Amino acid sequence: MSNNVLAVGSPWSAFAGPNLGYVMEQYELYLQSPEEVDRELVALFQQFGAPIVDEEYVATEGVANVQPNNMTKVFAAVQLADAIRSFGHLAADLYPLKDRKLDTTKIDLNYYGLTDADLSAMPASLFFTITPANVSNGKQAIDYLRSIYTEKIGFEYSHIDDKNERDWIQSKIESGTLKQSLTNEEKKAILERLTRVEDFEKFIHKTFVGQKRFSIEGLDTLVILLDELVKQAEVEKMNQLQIGMAHRGRLNVLTHVVNKPYDMMFADFAHVPNDYFLPEDGSLEITKGWTGDVKYHMGATHTKKSGLKVKLAYNPSHLEVVSPVVTGATRAAQEDASKPGYPTYDPKKALAVLIHGDAAFAGEGIVQETFNYANTKGFSTGGSVHIISNNMIGFTTEHYDSRSTRYSSDVAKGYGVPIIHVNADDPEAVVNVAKFAFEYRQIFGKDILIDLIGYRRFGHNETDDPTVTNPLTYLIVSKHPTVRTIYGEKLVNEGIVTAEEVKTLDEEIYAGMQTSYDHVKQVGEEKGHHLDIEMPDAVKNDFPAVDTSVPKEDLLQINNELLAWPENFEPQNKLARILNKRVEAIETGKIDWGHAETLAFAAILRDGNPVRITGQDAERGTFSQRHLVLHDKNSGTEFVPLHNISDSKASFAVHNSPLTETAIVGFEYGYNLEHKKALTLWEGQFGDFANMAQVMFDNFISAARSKWGQKTGLVMLLPTGMEGQGPEHSSARIERYLQLSAENNWTVANCSNAGNYFHLLRRQAKMLETDAIRPLVVGTPKSLLRHPLAAASIEDLSEGTFQEVFEQPGLGTKPKKVERILLGSGRVTIDLAEHVKDGEGFDNTHILRVEQLYPFPSEKLSEIISRYPNVKEIRWVQEEPKNQGPWKYALEYLLDLAEGKKVKYVGRPEMSSTSEGDADSHKIAQAKIIEDAFA
């Protein structure tokens, strides 16, 4: 054979001699004047390129016997075959209720001016690279293509750019290997599984009348699909399979895929503590918080005998938001972070399976955000298997009001994701699709989407009557048999089981569930129906005191190593000068913010904790303060100094993220849930850009411990400071985090000193993997990044510790003269410091910087204030408007501390916006705040 490789379905193999010469002449004309060429030929040239034919292939296959007057017919036949591949899904039997009109127009012979006789005269090899057995002419070829592209599975892959992927998918489909026959034992196992899935729903519906369960019915084969993915993951010896899904079908998946025993599930409905029924072999892990959550938000981890951990992520009601959490956790499970450098990444170690609702998949933007980062360096997981659990309706909203596309899956096309539609009433097709999806993911390392098309047997929840809003659909549903019934009848007809065996299986499984429930009732009567879950003492208490200092000689060594660049590596000139000044900064006590942060990271790595930091400009830093990744000015080669710290015992990863907040915050939260030892940080480009991720703060980060018992030490860095840059570049909206603060759920800090930030990071790292760990929200500065009054000395780092409250140097030295105490947090306290300079002339005033806002340091503040017996007034000074910032949060604490003294607010008045819109107005307002503070 020659080196010319024919495209699958290439029409050029049908031509030789004069015919081929004519086509080649037309191609030359097409290159010069495409408007003069027949439009059908133009379409073929655009699709298949130049008409190059492998002569040996032609001679061997004997496909060149096409008459000149049949040329148009050949073109039309090739177009028809291609249309079947591209549009066969429109005519496929995908809808169990058969309530959607199928479109066959693009695959009809008449549309292309063809007859059966025309096709019969053509060779089958015109349409295939490898001709299937029992296909000998064009008519049989087209019939074969129609049969495989319009049955219970529909394929969309022509939108994929990579030809190797398209050819692989087409080969799998057309070779018949995708449609594998199951053994009789496998079919029986599917029937048994479907019976359990259906009976579980029926039992709950009958036993716990009126209780919400968000039934899986109509999409029962979702469990079959997941079973097959789990089986394939075991064959591949994966460590983890992580599942993310919303509430519909979750209880069934928890029970039958994650192996939560029937006793435990029925106990949840019967209000009996399910702890009584936890398997003693340790195969099932659950966590619980003290406030709890509804049963259809809960998750669990099951360890199979193979060692594979199957995890179902805990999830709030917000649809789709769990997807980035699961992909982040999966990435963590794929990484080995135990050595210096970037973590070793092996995508074959873990798989993310993301289950979406049809209306939510099309409607929620976080779906696109998750697809968008799927192939990026810092956020890839080697491909997720996406499943649309498609019940063809959104609550009460029909599909035509739910989206502007034909399929809910269409949004995935823009990301080059193959889409496989499958009829949920065909369990065997579902199994084959699952195998195909898993194999594709393993080979190409990319996302793939399965659109599992079914229906919803009841309303949105079991107390909802869908006939009120969707009467026609539910008339069809009421007459439609369940998939268990359909499949049972199929196996009876095939002679694999008898009708009596199907009935007996149903009765035995249902009876077993009744036995489990009887056991639950008995245990509930014996042991009681309530089990208090207390907040752990480690959470109730403040962080214990930990040593966060680093010996001076170690800091000097680290600093030198950070500036030891490889031979022949030449950073940009200005940057090199800036970084080299860090030697002088150590000596002069002018360690700025970025410098202190890098030293903290290095010390944390030496302690054995990996560090991962991401954000839209994390490598350089939004304000050019960080420079964790250096670029050679001549070659662009990257160098990461933190990969070369002696005695480092862990990896360091820094990644610039896509321009996305919600999904990236969710990803990092999930990463830290799985990799609890890693100091994981996300940085907002500006603080209030985190507004876009509010759902992650509200539903996961602030509340996961109390709802679900899940611990995380995620750090969120939010640049803040009112500096005349307009509303969106001013406030980090710190009030929102303070409003969510309760039960020691996290730490909220707003530091004014680089050394204090150093110790804050070190303290957070020290608390990782302890019961006391909690997330950390840090208001980080902008103008203070290089401000002399915010700088630290090496002694601050080597001898200090994190200070919840800083006292202004030079003030408060004459206790009896102090009559007024100013309190504030963050950047404004440096404005106050600049005003008082060395303190001369301000004997009547003391300034306290509240570096940690939550938990509020009342005890420390009380101790300081008690030193000043003549204080008459406490003033809270802030930059933010009165209805924003910490004021309203702090007021209650201040009133307690004041013990009758006057408490006064100093700051901007209440405003609907966060700040003024121009620099001049800002300066006037800011100057007035400082003037009022000392008035």
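Q: Can you explain the overall build of the protein chain? Please cite residues and give values.
A: Helix and strand content of the protein chain: 33 helices and 25 strands. Taken along the three principal axes of its C-alpha coordinates, the protein chain extends 110 × 80 × 50 Å. Taking all 935 residues of the protein chain together, 59% fall into the buried category. Only carbon and sulfur atoms are counted for the fraction: they give 49% of the accessible area of the protein chain, which is about 37400 Å². Of the charged side chains in the protein chain, 97 are positive and 131 negative, and the gap between their average positions amounts to 4 Å.

Q: I'd love a proper account of a negative patch on the surface, names of residues and values included.
A: On the surface, a cluster of negative charge is made up of Glu 500, Glu 501, Glu 507 and Glu 508. Position of Glu 507 relative to the elements: it lies in helix α19 (residues 499–527). Given the relative accessible area of 46%, Glu 507 is considered partly exposed.

Q: Hey, could you go over unusual backbone geometry for me, with residue numbers and the actual values?
A: The omega angle of the peptide bond from Tyr 854 to Pro 855 is -10°, so this bond is cis rather than trans. Secondary-structure assignment places Pro 855 in the loop between β23 (852–854) and α31 (858–865). Even without being glycine, Phe 214 reaches a positive phi, approximately 50°. Looking at the secondary structure, you find Phe 214 in the loop between α8 (184–207) and α9 (221–235). With a relative accessible area of 5%, Phe 214 lands in the buried category. Residues other than glycine seldom take positive phi values, yet Asn 744 does so here, at roughly 50°. Positionally, Asn 744 belongs in the loop between α27 (734–739) and β18 (747–749).

Q: Give a description of the pairing of strand β24 (residues 873–881) that names residues and reports values.
A: Burial of β24 is extensive: 9 of the 9 residues sit out of reach of the surface. Direction of pairing for strand β21 (residues 820–824) relative to β24: parallel, over a ladder of 5 bridges. Its bridge partner being in β24, Arg 820 is matched across the sheet by Glu 873. Judged from the 6 bridges that link them, β24 and strand β25 (residues 902–908) form a sheet pairing that is parallel. Paired with Ile 874 across the strands is Val 903, a residue of β25. A crossover connection joins β24 to the parallel β25 through helix α32 (residues 887–898); in handedness this β-α-β unit is right-handed.

Q: Tell me about the environment of Leu 222, and name the residues and values.
A: For Leu 222, the location among the structural elements is in helix α9. Taking the C-alpha atoms as reference points, Leu 222 and Lys 581, separated by 359 residues in sequence, lie 60 Å from one another. Residues contacting Leu 222, with those up to four places away along its chain left out, are Ile 216, Met 245, Val 253, Ile 355, Ile 387, Ser 389 and Leu 452.

Q: For the pattern of salt bridges, give the residues involved together with the corresponding values.
A: All told, the structure shown has 57 salt bridges when counted by the stated rule. Lys 521 is paired through a salt bridge with Asp 518; the nearest N and O atoms lie 3.8 Å apart. Note that Lys 521 and Asp 518 are positioned in helix α19 at a spacing of 3 residues, about one turn of the helix. Here Lys 521 falls in the partly exposed class, since its relative accessible area comes to 37%. Overlapping salt bridges, with partners in common, bring together Glu 198, Asp 199, Lys 202, Arg 484 and Asp 506 in one network.

Q: How would you sum up the sheet that holds strand β10 (residues 419–423)? Please name residues and give values.
A: Neighbouring strands of a sheet are bound in pairs by backbone hydrogen bonds; such pairs are parallel or else antiparallel. Spatial ordering of the open sheet is given by β1-β10-β11-β9-β8-β2-β5-β4-β3, a layout of 9 strands whose pairing is mixed. Pairing within the sheet leaves two strands with one partner each, and these edge strands are β1 (153–156) and β3 (284–285).

Q: Which residues make up the packing of α8 against helix α18 (residues 483–493), and what values go with them?
A: Put simply, α8 and α18 touch, their axes get as near as 9 Å, and they point 155° apart. Judged on the interaxial angle alone, α18 and α8 are roughly antiparallel. Crossing of α8 against α18: the hand is left-handed. Residues Lys 187, Lys 188, Ile 190, Leu 191, Leu 194, Thr 195 and Glu 198 of α8 lie in contact with α18, whose contacting residues are Val 483, Arg 484, Tyr 487, Gly 488, Lys 490 and Leu 491. Residue classes in the contact of α8 with α18 are distributed as 6 nonpolar, 2 polar and 5 charged.

Q: Give me the lowdown on the sheet that holds strand β15 (residues 652–656), citing residues and values where you can.
A: In space, the 7 strands of this open sheet follow the order β15-β12-β16-β17-β19-β18-β23, with mixed pairing throughout. Because the sheet does not close on itself, it has two edges, and the strands there are β15 and β23. Direction aside, the axes of adjacent strands within the sheet are offset by 20° on average. Note that β18 and β23 share 2 bridges and pair antiparallel. Each bridged residue has a counterpart across the sheet, and for Ala 749 the counterpart in β23 is Gln 852.

Q: Quick one: what's the story with the environment of Leu 319, residue by residue and with numbers?
A: By the secondary structure assignment, Leu 319 is in the loop between β5 (309–312) and α12 (322–334). Of the residues examined, Leu 319 reaches a relative accessible area of 35% and is grouped as partly exposed. Taking the C-alpha atoms as reference points, Leu 319 and Val 367, 48 residues apart in sequence, are found 9.9 Å from one another. Apart from residues lying up to four places away in sequence, Leu 319 is in contact with Ala 246, His 247, Ala 360 and Glu 364.

Q: Got a sec to walk through the packing of helix α30 (residues 827–836) against helix α33 (residues 919–934)? Specific residues and values, please.
A: Each pair of packed helices can be described by the angle between their axes along with the distance between the axes. Packing of α30 against α33 brings their axes to within 11 Å, and their N-to-C directions diverge by 65°. The element α30 and its partner α33 pack so that their crossing is right-handed. Every residue of α33 that contacts α30 at Arg 827, Val 828, Asp 831, Leu 832, His 835 and Val 836 is listed here: Gln 926, Ile 930, Ala 933 and Phe 934. Looking at the contact of α30 with α33, its residues break down into 6 nonpolar, 2 polar and 2 charged.

Q: Got a sec to walk through the nonpolar core? Specific residues and values, please.
A: Core analysis: the biggest nonpolar cluster contains 108 residues, and Leu 229, Leu 241, Phe 266 and Ile 387 have the highest contact counts within it. In terms of residue count, the dominant contributor to this core is helix α4 (residues 71–87) (10 residues). Beyond its immediate sequence surroundings of up to four residues, Phe 266 is in contact with Phe 200, Phe 203, Ile 204, Phe 208, Met 513, Ser 516, Tyr 517 and Val 520.

Q: Outline helix α7 (residues 163–174), supporting the account with residue identities and numerical values.
A: Along an α-helix, residues three or four positions apart point the same way, because every turn accommodates 3.6 residues. Over its 12 residues, α7 extends 16 Å from the first C-alpha to the last, a length consistent with the 16 Å expected when each residue adds 1.5 Å. Taken residue by residue, α7 has Glu 165, Trp 168, Ile 169, Gln 170, Lys 172, Ile 173 and Glu 174 as its buried positions. Taking the backbone nitrogen of Asn 164 as reference, a side-chain oxygen 2.8 Å away marks Asp 162 as the first, capping residue of α7. In the stretch just after α7, Gly 176 is the one whose phi turns positive, near 90°.

Q: Report on the side chain of Glu 561, specifying residues and quantitative values.
A: Positionally, Glu 561 belongs in helix α21 (residues 552–562). Contact partners of Glu 561, with chain neighbours within four places excluded, come to Asn 644, Ile 645 and Ser 646.

Q: Report on a positive patch on the surface, specifying residues and quantitative values.
A: The grouping of Lys 574, Arg 577, Lys 581 and Arg 786 at the surface amounts to a positive patch. Structurally, the position occupied by Lys 581 is in helix α22 (residues 573–588).

Cut-off values and rules
Numbers given for residues are sequential positions, taken from 1 along each chain in its written order. The predicted origin of the model limits local features to residues at a pLDDT of at least 70 and limits the giving and counting of side-chain atom pairs to 80 or more, whereas totals for whole chains, interfaces and linings rest on all residues. Calculated side-chain values reflect all of the structure's heavy atoms, with hydrogen atoms and water omitted. Numbering of helices and strands runs from the N terminus; a helix is a DSSP stretch of H or I covering at least four residues, while a strand is a stretch of E covering at least two. Buried means the residue's accessible area, taken with a 1.4 Å probe over protein chains only, is under 20% of the maximum for its type, while exposed means over 50%, and partly exposed covers the values in between. Per-residue and other accessible areas were derived by the Shrake-Rupley procedure at a 1.4 Å probe size, with only the shown protein chains allowed to occlude residues. For the charge count, each Lys or Arg is scored as positive and each Asp or Glu as negative, with His and the chain ends excluded. For this purpose, a charge sits on NZ of Lys, CZ of Arg, CG of Asp or CD of Glu. Every patch collects residues that have over 30% relative accessible area and no salt bridge, joining them within 9 Å if they carry like charges and within 5 Å if they are nonpolar side chains (Val, Leu, Ile, Met, Phe, Trp, Tyr). Put simply, a salt bridge is a Lys or Arg side-chain nitrogen that is within 4 Å of an Asp or Glu carboxyl oxygen. We call two strands paired when DSSP finds no fewer than two bridges between them. Crossover handedness is defined here as right-handed if the route from the first strand over the helix to the second strand goes clockwise, with the strands pointing away from the viewer. Pairs of residues are marked as contacts when any of their non-hydrogen atoms sit within 4.5 Å. Fitted lines through C-alpha atoms give the axes, limited to the stretch in contact for helices. The angle between two N-to-C directions lies from 0 to 180 degrees. We call two directions roughly parallel when the angle between them is under 35 degrees, roughly antiparallel when it is over 145, roughly perpendicular when it lies between 65 and 115, and oblique otherwise. It is the rotation of the near helix from the far one that decides the hand of a crossing: anticlockwise by less than a right angle makes it left-handed, clockwise makes it right-handed. Three classes are used, and their members are as follows: Ala, Val, Leu, Ile, Met, Phe, Trp, Tyr, Cys and Pro are nonpolar, Asp, Glu, Lys and Arg are charged, and the others, Gly among them, are polar. Residues belong to one nonpolar core when they are buried, are Ala, Val, Leu, Ile, Met, Phe, Trp, Tyr or Cys, and are joined through side-chain atoms within 4.5 Å. Given a helix with a known number of residues, its expected span is that number minus one, times 1.5 Å. We define a polar contact as two N or O atoms separated by no more than 3.5 Å, with the added condition that, inside protein, one atom must be a possible hydrogen donor and the other a possible acceptor, whereas residues neighbouring each other in sequence contribute only through side-chain atom pairs.

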